[in-house]
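# Structural overview for review
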Amino acid sequence: MNIQKNISLKPFNTFGIDVKTKLFLEWNSIQDVIDYTQSAELKKHERLILGGGSNMLLTEDFDGLSIKNNILGKDVISNTDDAVVVKIGGGEVWHEIVLWTISQGWNGMENMSLIPGSMGASPIQNIGAYGKELKDIFVKLEAIDLKTGAQKTFDLDACEFGYRNSVFKNVYKGQYVIVSVTIRLSKKEEFNTQYGAISQELELAGVKELSAKAISDAVITIRRSKLPDPKELGNSGSFFKNPIIPESQYEEAKYEHHALPSYPVGDGMVKVPAGWLIDQSGWKGKRVGNCGVHTKQALVLVNYGGATGDEIFQLSEDIIADVIQKFGIELEREVNVF
Ligand SMILES: Cc1cc2nc3c(=O)[nH]c(=O)nc-3n(C[C@H](O)[C@H](O)[C@H](O)COP(=O)(O)OP(=O)(O)OC[C@H]3O[C@@H](n4cnc5c(N)ncnc54)[C@H](O)[C@@H]3O)c2cc1C
């Protein structure tokens, strides 16, 4: 096993935070994971699993072992007239898999084009965009318990997917590495263009015949116009979740803030757009030292260069405090803070 010492994690997180890890290792196969689980020497260190580093804020040097998951693989498990089931290695890049499935004529991932990161991290927060979530195409995943080395299969129910949530963010946090994700894609032309500006973008592009490729292109165009590219401006996408609050709390807040938007999510709860709350609290486009809130998207915190994780964390604390004071609504971070 090739273990590197005292290396910078800057190339491994999309915020571009320059912290060091004491030890660094890459897993290229399931055997590498098993070897790790059999090494008492390696297991004694605190551990940080890295996919694409696009959903994490690193606030200090890591006095442990960082592990980059590179396990690849694309296996067709079943292929019928209607659908295909494919098993994808956890280290595969999500967007490359989206493009690959579209090129094969398989539908289901197109709305989730251009989400950064790895396949293996996609179940952690049940990633989603433009009206689709991983859970809509999910069949099962294979994971390895990093304490015991035991392999376990999680089906849809076992993952307990919710809005940017799963068991892997809660009871099993840090316990498993996800080595593969199996998804079902359709060969039927069932598309969802209702969300956001997709249909408008399709019209602008003069699309006459709907296809996964056309939707993917539209989503890519919209995302590029709204979200900063981490290669140019360090960021981790949406820093906060959209709060889900009881209708009664919403009505109370709306009494003072008449324009407060909301979307019913059932069980007497409503979802409130976090970006709107942050914008109305005066934070959109604001720069504080080396970091700030993106000019076009208030949900996205950015590193203008040289920001520390602590600076960005403090900015998020200040935003949370202001939003509570103004609206009585508490924002929760979507990004994993280490
Ligand atoms: C510009 C931008 C736009 C984004 N847009 C969206 C969006 O539209 N929708 C959305 O849902 N998200 C979005 N995100 C967030 C991010 O892309 C996703 O959360 C993605 O799934 C993170 O993948 P990753 O491989 O980079 O995970 P990392 O950031 O490397 O890791 C995230 C967490 O998962 C753990 N982890 C990683 N891999 C594994 C594994 N194989 N097994 C077990 N644990 C693991 C890590 O330890 C960490 O706790 C965006 C991010 C950026 C930068």
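Everything below is about the structure shown above.
This is a predicted model, so every value here is computed, not measured.

Criteria and cut-off values
- Note on numbering: residues in each chain are counted from 1, in written sequence order.
- The predicted origin of the model limits local features to residues at a pLDDT of at least 70 and limits the giving and counting of side-chain atom pairs to 80 or more, whereas totals for whole chains, interfaces and linings rest on all residues.
- Side-chain measures here rest on the full set of heavy atoms in the structure, leaving out hydrogens and waters.
- Burial status follows relative accessibility: with a 1.4 Å probe on protein chains alone, a residue under 20% of its type maximum counts as buried, one over 50% as exposed, and anything between as partly exposed.
- Put simply, DSSP marks the helices as runs of H or I at least four residues long and the strands as runs of E at least two long, and each gets a number from the N terminus on.
- The pairing criterion for strands is at least two bridges between them, as found by DSSP.
- Multiplying 1.5 Å by the residue count of a helix minus one yields the expected span of that helix.
- Throughout, a contact is declared for two residues whenever any of their heavy atoms are within 4.5 Å.
- Definition used for salt bridges: Asp or Glu carboxyl oxygen within 4 Å of a side-chain nitrogen of Lys or Arg.
- Neighbouring residues are identified by heavy atoms, a residue being near a molecule or strand if any of them is within 4 Å of it.
- Polar contacts, as used here, are pairs of N or O atoms within 3.5 Å; protein pairs need one atom able to donate a hydrogen and one able to accept it. Residues neighboring in sequence count only if both atoms are side-chain atoms.
- Accessible surface is estimated by sampling points in the Shrake-Rupley manner with a 1.4 Å probe; for residues, cover comes only from the protein chains shown.
- Under the pairing criterion, centres of Phe, Tyr and Trp rings, with the six-membered ring standing for Trp, must be within 6.5 Å; the plane angle then separates stacked pairs below 30 degrees from edge-to-face pairs above 60, leaving the rest tilted.
- Criterion for a charge above a ring: Arg CZ or Lys NZ at most 6 Å from the ring centre, at most 35 degrees from the ring normal.
- Within this scheme, the nonpolar core is defined by two criteria: the residues are buried Ala, Val, Leu, Ile, Met, Phe, Trp, Tyr or Cys, and they are joined through side-chain atoms within 4.5 Å.

### Remarks on the pairing of strand β12 (residues 176-186)
Consecutive residues of a regular strand have side chains that alternate between opposite faces of the sheet. Among the 11 residues in β12, 10 count as buried, and that is most of the element. Across seven bridges, strand β7 (residues 83-89) lies against β12 in antiparallel orientation. Bridging from a neighbouring strand, K87 pairs with T182 of β12.

### Quick look at helix α6 (residues 212-226)
The periodicity of an α-helix, 3.6 residues per turn, causes residues three or four positions apart to be oriented the same way. Taking 1.5 Å of rise per residue, 15 residues should cover 21 Å, and α6 covers 21 Å from first to last C-alpha, within 8% of that figure. Taken together, the buried positions of α6 are A212, A214, I215, S216, A218, V219, I220, I222 and R223.

### A word on the pairing of strand β10 (residues 138-145)
Of all the eight residues making up β10, six are buried; the element is thus mostly covered by neighbouring parts of the structure. Of the pairings in the sheet, the one linking β10 to β12 comprises seven bridges and is antiparallel in character. Within β12, the residue paired with F138 across the bridge is I183. Sheet topology places β10 next to strand β11 (residues 151-155); five bridges connect them, and they run antiparallel.

### Topic: the side chain of S186
Checked against the element boundaries, S186 lands in strand β12. With relative accessibility at 18%, the residue S186 sits in the buried group. Ignoring anything within four residues of it in the chain, the contact list for S186 reads D82, A83, G105, W106 and N107.

### A few points about the pattern of salt bridges
With the rule as written, the count across this model stands at 10 salt bridges. Among the salt bridges present, the one from D63 reaches K22, with a minimum N-O distance of 3.7 Å. Linking D63 in strand β5 (residues 62-69) with K22 in strand β2 (residues 20-27), this pair joins segments that are 41 residues apart in sequence. According to the relative accessible area criterion, D63 is exposed, its value standing at 57%. Taken together, the salt bridges that share partners define one network made up of E133, K135, D136 and R164.

### Regarding the sheet that holds strand β13 (residues 234-238)
Judged by pairing direction, the sheet is antiparallel, and its four strands sit side by side in the order β13-β19-β18-β17 without closing on themselves. Looking at the sheet topology across the chains shown, the edges are occupied by β13 and β17 (287-288). Where strand β18 (residues 291-293) lies against strand β19 (residues 300-303), three bridges are found, and the strand directions are antiparallel. Among the inter-strand pairings, G292 is bridged to a residue of β19, identified as V302.

### Some details on the site of the ligand
In the region of the ligand, 33 residues are neighbours, and I49, G51, G52, S54 and S118 sit closest. Between S118 and the ligand, the recorded distance is 2.7 Å, taken from a side-chain N or O atom to an oxygen atom. Between an oxygen atom of the ligand and a side-chain N or O atom of Q125, the distance comes to 2.9 Å. Burial of the ligand by the protein amounts to 93% of the accessible area it has alone, namely 980 Å².

### Side note on the packing of aromatic side chains
Taken as a whole and assessed by the stated rule, the structure comprises 12 aromatic pairs. Seen from their ring centres, F154 and Y172 are 5.8 Å apart, and the 70 degrees between their planes marks the pair as edge-to-face. Here F154, found in strand β11, pairs with Y172, found in the loop between α4 (156-159) and β12; they are 18 residues apart in sequence, far enough to count as distant. Ring plane angle 65 degrees and centroid distance 5.2 Å describe the contact between F239 and F240, whose orientation is recorded as edge-to-face. Among the aromatic residues, ring-to-ring pairing joins F154, F168, Y172 and Y176 into one connected group. When the ring centre of Y163 is taken as reference, the NZ or CZ atom of K271 above it lies at 3.9 Å. A cation over an aromatic ring shows up here: K286 above the ring of W283, its NZ or CZ 4.7 Å from the ring centre.

### Focus on the nonpolar core
F240, I278, I312, I319 and L331 are the most contacted members of the largest nonpolar core, which totals 40 residues. Elements with a contribution of two residues or more to this core: β3 (47-50), β4 (56-57), α7 (247-256), α8 (274-280), β18 and α9 (309-327). The element contributing the most residues to this core is α9, with six residues. Aside from chain neighbours lying at most four places away, what touches I312 is F15, I17, L57, F239, C291, L301, N303 and A307. If you look at the next biggest cluster of nonpolar residues, it comprises 39 residues, including I102, W106, I178 and V181.

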